[in-house]
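Each chain, written out:
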Amino acid sequence: MGFLDNLEDSLKTLERADERDPSVQQRRQNEQARALAVAPWAAKLKDSVFTKQLFDKAAMAGHKIRTKIYMAWLENTLRLE
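Residues numbered from 1 in each chain as written. Predicted model: local features only at pLDDT ≥ 70, side-chain atom pairs only at ≥ 80, totals over all residues. Heavy atoms only, no water.

The next subject is the overall build of the protein chain. Summing up its helical and strand segments, the protein chain has three helices and two strands in all. Mapped in sequence order, the helices and strands of the protein chain form the string α-α-α-β-β. Over its C-alpha trace the protein chain gives a radius of gyration of 20 Å, far above what one expects of a compact globule, namely 12 Å for 81 residues. Along the first, second and third principal axes, the C-alpha set of the protein chain runs to 55 × 35 × 15 Å. Here the protein chain holds 81 residues, and 9% of them are scored as buried. Taken as a whole, the protein chain presents about 7200 Å² of accessible surface, with 57% of it coming from carbon and sulfur. (Helix = DSSP H or I, 4+ residues; strand = E, 2+ residues; numbered from the N terminus. Rg over C-alpha atoms; globule rule 2.2 N^0.38 Å. Buried < 20%, exposed > 50% of the residue type's maximum accessible area, 1.4 Å probe, protein only. Areas by Shrake-Rupley, 256 points an atom, 1.4 Å probe, with all protein chains shown as cover.)

Right under this line is the structure:
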């Protein structure tokens, strides 16, 4: 077997172990419940005037120091670099 076959087998084994582990299932359910609770607030924040002004001011600040400011939404998280 090649390296990729071994890697694929290892990943499948880990996935099967995760599916059987009740703590992993509980964690996934908790993460899903949290995402559902946060979603409406994140949507409001994405469309808010505050966010638009933040993006504008970040772009102006980056322009002043001649640097690119990267802005991105990662699911429900706003990331500025």
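Time to look at the packing of aromatic side chains. Using the criterion set out here, one finds zero aromatic pairs in the structure. Taking NZ or CZ as reference, Lys44 lies 4.7 Å from the ring centre of Trp41, over its face. The ring of Tyr70 is capped by Lys68, whose NZ or CZ atom sits 5.7 Å from the centre of that ring. (Phe/Tyr/Trp six-rings, centres within 6.5 Å; stacked < 30°, edge-to-face > 60°. Lys NZ or Arg CZ within 6 Å of the ring centre and 35° of its normal.)

The bulk of non-glycine residues show a negative phi, and the bulk of peptide bonds are trans. The backbone phi angle of Arg66 is positive, close to 55 degrees, even though this residue is not glycine. If you trace the backbone, Arg66 turns up in the loop between helix H3 (49–64) and strand S1 (71–74). By relative accessible area, which is 78% here, Arg66 ends up exposed. Even without a glycine there, the phi angle at Glu75 is positive, about 55 degrees. Locating Glu75 in the fold gives a position in the loop between S1 and strand S2 (77–80). For Glu75, a relative accessible area of 72% corresponds to the exposed category.

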